[in-house]
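Single-letter residue listing:
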Amino acid sequence: MMEGCEYAISNAEAFAEKLSRELQVLDGANIQSIMASEKQVNILMKLLDEALKEVDQIEMKLSSYEEMLQSVKEQMDQISESNHLIHLSNTNNVKLLSEIEFLVNHMDLAKGHIKALQEGDLTSSRGIEACTNAADALLQCMNVALRPGHDMLHAVKEQQQRFSDLREQFARRLASHLNSVFVQQGHDQSSTLAQHSVELTLPNHHPFHRDLLRYAKLMEWLKNTDYGKYEGLTKNYMDYLSRLYEREIKDFFEVAKIKMTGTTKEGKKFATLPRKESAVKQETESLHGSSGKLTGSTSSLNKLSVQSSGSRRSQSSSLLDMGNMSASDLDVADRTKFDKIFERVLSELEPLCLAEQDFISKFFKLQQHQSVPGTTTNEAEEMDGGTSCRSYASGGPQTISSEKDMIRQMMTKIFRCIEPELNNLIALGDKIDSFNSLYMLVKMSHHVWTAQNVDPASFLSTTLGNVLVTVKRNFDKCISNQMKQMDEVKISKKSKVGILPFVAEFEEFAGLAESIFKNAERRGDLDKAYIKLIRAVFVSVEKVANESQKTPRDVVMMENFHRIFATLSRLKISCLESEKKEAKQKYTDHLQSYVIYSLGQPLEKLNHFFEGVEARVAQGIREEEVSYQLAFNKQELRKVIKEYPGKEVKKGLDNLYKKVDKHLCEEENLLQVVWHSMQDEFIRQYKHFEGLIARCYPGSGITMEFTIQDILDYCSSIAQSH
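Residues numbered from 1 in each chain as written. Predicted model: local features only at pLDDT ≥ 70, side-chain atom pairs only at ≥ 80, totals over all residues. Heavy atoms only, no water.

Novice: For this particular structure, what's the right way to read the overall build of the protein chain?
Specialist: Secondary structure summary: the protein chain contains 27 helices and zero strands in total. Counting only residues that meet the buried cut, the protein chain has 44% of its 722 residues in that class. Across the protein chain, every contact between residues at least 6 apart in sequence was considered, and the portion connecting residues at least 24 apart equals 77%. Total accessible area on the protein chain stands at roughly 38900 Å², and carbon and sulfur atoms take up 53% of it. (Helix = DSSP H or I, 4+ residues; strand = E, 2+ residues; numbered from the N terminus. Buried < 20%, exposed > 50% of the residue type's maximum accessible area, 1.4 Å probe, protein only. Contact = heavy atoms within 4.5 Å. Areas by Shrake-Rupley, 256 points an atom, 1.4 Å probe, with all protein chains shown as cover.)

Laid out in structure tokens, this is it:
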């Protein structure tokens, strides 16, 4: 339009007028068109009127429908509300049924269980099993975790009270029955004591343990439900069994003491005497009749040295094969018997204690750590007259550090007599023979080592360890007594000394100890004792040698250190290797010293002559010029040599042999050794003189009036003639 009217901008009025004219033309055309379509309009209006009528009819129907739907809505609302109430009721019924089923299933105890708890037979295996099942079922019912509000139900309260009554009734019945079983055990075992005592065996409690272990689950139930009665049973068991074991163990040890000291009435009397009276009885009546036993007196030591002369100790490691290891056959028999009896005692006690400890652990359920539920004040007062359980009313029993501590406490109470009885037996063995402490130290150490490997904190390990301290103390006392005897030993001034008693005692001690301590755990204790003893022996030998008047000091030292060296060489004691070398050196030194001292200068004048010759040579005179000295010329030498013909030399050697024979003791058999050494020393001096003659008097043809072969013949002839 704008393009068709280019002048619209420049001539707006003309443009507006033109538009107005065109609009009028269009309006006229529209009116004409409307006028031409009036008929159709009338038809349309008619249709609209009819449509309005239909609409009115529809509205009326809709209104009626709406009224009908409103009625249905109200009915549906009522139905919906009714359905909600029904669903809520069903839900509540289901929950109620669930609660009832829970209470019935968990708090209903079968009539059979109730009957078993009230009347069940606690003597038969079937009855015990029924009671155990019933007790477990009762415990489950009592320990059921009630939901909130259950405890307010009257029925639940009644059922809980019923369970408490059943528990109390059965606990009382069970405790009464087990107490009766404990008492009956004491009577039954007493009848077999005599037979076991004679055989030196302890009664076997296995049948009793086997019967009681049938009640182990019931004891666990009692521990969890009524700790007061459980503790009461524990105390009663310890009381009854401690008295029973005390009778058995005391009778057992009494028989062991009688077997150690002899089966006569006197022996039994000796075994049961107090410590001081027993020692006096042993000394006055000489129960064993052994004079060579090393119990501390000087006279017994002297007798020992005589009885053991010429004997050599067996190197057998068996404790039962020591026929040559002690001063007399009776000592061997006594020590072997003691060793067997002591080992038998320990071997009987060990399984007894271990079996009882194992039973206590299983029967009283002490191998598990459990928390014991507490009881109310009212329940506690009802139990056993309100006394046995009151201490636990505030939340369970007083706790101990561990179950092992409880077991050890029970074992200590039950076997309270073992340690004193063992100490008494050890004291008796020590009085019979102080050397018995060696056997006891080895045996006890081995048993302690075995027990500690099983359980270092067990009752058996602790008890044997305490007793081992006593045994070690006796062993140390034995060593101290031997050292004391060395200090107190006195020698005769009228007879030759010979082998000192404490040297012979050390030989016996070492031989016996080596056989006993072979592969023993306490070898270190023996080595320490060896060091103390051997040093004391060395010191005492030198002390006696210095005090000796009849026998030369060198002989005392030589003979005794020869015996010590022979003993240490035979026994091969590793910790005394340096002492063995020292003993050999002392023996060699004093042998040489004695030979030189005894031999002296058999050609005294000739020796003085050549000492002068050596003095001149030392002053600077040449050896070949000594013969020109007036006092040492050839004539003087021949004169001196003529004073020592062969006959005179043999006579001097014979007198020397007799003198040596008087000095030496027969038991050490050193005469030929000493004589051979003197022969060698004499020949050495002879060769020395010959050498001086050859060097200082060359070509003189001067020789001794006897030869080396003559010396050998003289010595051999003298030795054979004696």
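Novice: Looking at this structure, how should I read the pattern of salt bridges?
Specialist: Pairs may arise between side chains of opposite charge once their charged atoms sit close together. A complete count under the given rule lists 36 salt bridges for this structure. Of the charged contacts, one joins Arg335 and Asp433 as a salt bridge, the two residues approaching to 2.5 Å between their closest N and O atoms. Here Asp433 lies in the loop between helix H16 (418-432) and helix H17 (436-454) and Arg335 lies in helix H13 (residues 329-363), a separation of 98 residues in the sequence. Between Lys586 and Glu542 there is a salt bridge whose closest N-O contact spans 2.9 Å. On the criterion of sequence distance, the pair formed by Lys586 in helix H22 (residues 577-599) and Glu542 in helix H20 (residues 523-547) is long-range, its members being 44 residues apart. With relative accessibility at 26%, the residue Glu542 sits in the partly exposed group. (Salt bridge = Lys/Arg side-chain N within 4 Å of Asp/Glu carboxyl O.)

Novice: Sorry, what's going on with the packing of aromatic side chains here?
Specialist: Each aromatic ring pair is described using two quantities: the centre-to-centre distance and the angle formed by the ring planes. Taken as a whole and judged by the stated rule, the model has 24 aromatic pairs. Ring centres of Tyr657 and Trp675 lie 4.9 Å apart, and the angle between their planes is 90°; on these two criteria the pair is classed as edge-to-face. One end of the pair, Tyr657, is in helix H25 (residues 646-663); the other, Trp675, is in helix H26 (residues 671-696), with 18 residues separating them in the sequence. Assessed through its relative accessible area of 1%, Tyr657 is described here as buried. In this structure an aromatic cluster arises from ring pairing among Phe182, Phe208, Tyr227, Tyr230, Tyr237, Phe359, Phe363 and Phe364. (Phe/Tyr/Trp six-rings, centres within 6.5 Å; stacked < 30°, edge-to-face > 60°.)

Novice: When you look at the packing of helix H9 (residues 227-261) against H16 in this model, what are you seeing that I'm missing?
Specialist: When two helices pack together, their arrangement is given by the angle between the helix axes and by the axis-to-axis distance. As a packed pair, H9 and H16 sit with axes 10 Å apart at the nearest point and diverge in direction by 5°. Classified by the angle their axes make, H9 and H16 are roughly parallel. Judged by residue contacts, Ile249, Lys250, Phe253, Ala256, Lys257, Met260 and Thr261 of H9 engage Ile418, Glu421, Leu422, Asn424, Leu425, Leu428 and Ile432 from H16. (Axes fitted to C-alpha atoms, helices over the stretch in contact; angles between N-to-C directions. Parallel < 35°, antiparallel > 145°, perpendicular 65-115°, else oblique.)

Novice: Before we go on, may I ask you to explain the environment of Lys662 in this structure?
Specialist: Turning to its location among the elements, Lys662 is positioned in helix H25. Under the relative-accessibility criterion, Lys662 is labelled exposed at 64%.

Novice: Whenever I open this one, the side chain of Ser548 confuses me. Can you help?
Specialist: As for its placement among the helices and strands, Ser548 is situated in the loop between H20 and helix H21 (553-571). In this structure, Ser548 is in contact with Ile491, Val497 and Val556, ignoring residues within four places of it in sequence.

Novice: Just to check I follow, could you spell out the environment of Glu668 for this structure?
Specialist: On the secondary structure map, Glu668 appears in the loop between H25 and H26. As a C-alpha pair, Glu668 and Ile499 span 169 residues in sequence and 7.4 Å in three-dimensional space. With sequence-adjacent residues up to four places away left out, Glu668 is seen in contact with Ile499, Glu559, His562 and Arg563.

Novice: Quick question: what am I supposed to make of the confidence of the model for the protein chain here?
Specialist: Detailed reading of the predicted coordinates is not advisable wherever pLDDT falls low. In the predicted model, the protein chain carries a mean pLDDT of 79, and 81% of its residues have values of at least 70. H16 holds the highest mean pLDDT among the elements of the protein chain, 93, whereas helix H12 (residues 298-307) holds the lowest, 31. In the predicted structure, residues 263-328 sits below a pLDDT of 50 and forms 122 contacts with residues beyond four places in sequence or in another chain. (pLDDT = per-residue confidence, 0-100.)

Novice: Looking at this structure, how should I read unusual backbone geometry?
Specialist: Leave glycine aside and you will find that most residues have negative phi; peptide bonds, for their part, are mostly trans. Positive phi, close to 55°, is recorded for Lys365, a residue that is not glycine. Structurally, Lys365 is set in the loop between H13 and helix H14 (377-382). Phi at Lys572 takes a positive value of approximately 50°, unusual for a residue other than glycine.

Novice: I would appreciate a short explanation of the packing of H25 against H26 in the present structure.
Specialist: Put simply, H25 and H26 touch, their axes get as near as 11 Å, and they point 145° apart. For the pair H25 and H26, the sense of crossing is right-handed. In this structure, H25 contributes Val649, Leu653, Leu656, Tyr657, Val660 and Asp661 to the contact, and H26 contributes Leu671, Gln672, Val674, Trp675, Met678 and Phe682. By residue class, the composition of the contact of H25 with H26 is ten nonpolar, one polar and one charged. (Left-handed = near helix turned anticlockwise from the far one by under 90°. Nonpolar A, V, L, I, M, F, W, Y, C, P; charged D, E, K, R; others polar.)

Novice: Got a minute to help me understand the environment of Lys235 in this structure?
Specialist: Take Lys235: it is sitting in helix H9. Given a relative accessible area of 47%, Lys235 falls into the partly exposed group. With 178 residues separating them along the chain, Lys235 and Lys413 place their C-alpha atoms 9.6 Å apart.

Novice: Help me understand a nonpolar patch on the surface in this model?
Specialist: A cluster of nonpolar side chains, namely Val41, Leu44, Met45 and Leu48, defines an oily patch on the protein surface of about 350 Å² accessible area. Summarising the element assignment, Met45 is placed in helix H2 (residues 38-107). A relative accessible area of 45% means that Met45 is categorised as partly exposed. (Patch = residues over 30% accessible without salt bridge, like charges linked within 9 Å, V, L, I, M, F, W, Y side chains within 5 Å.)

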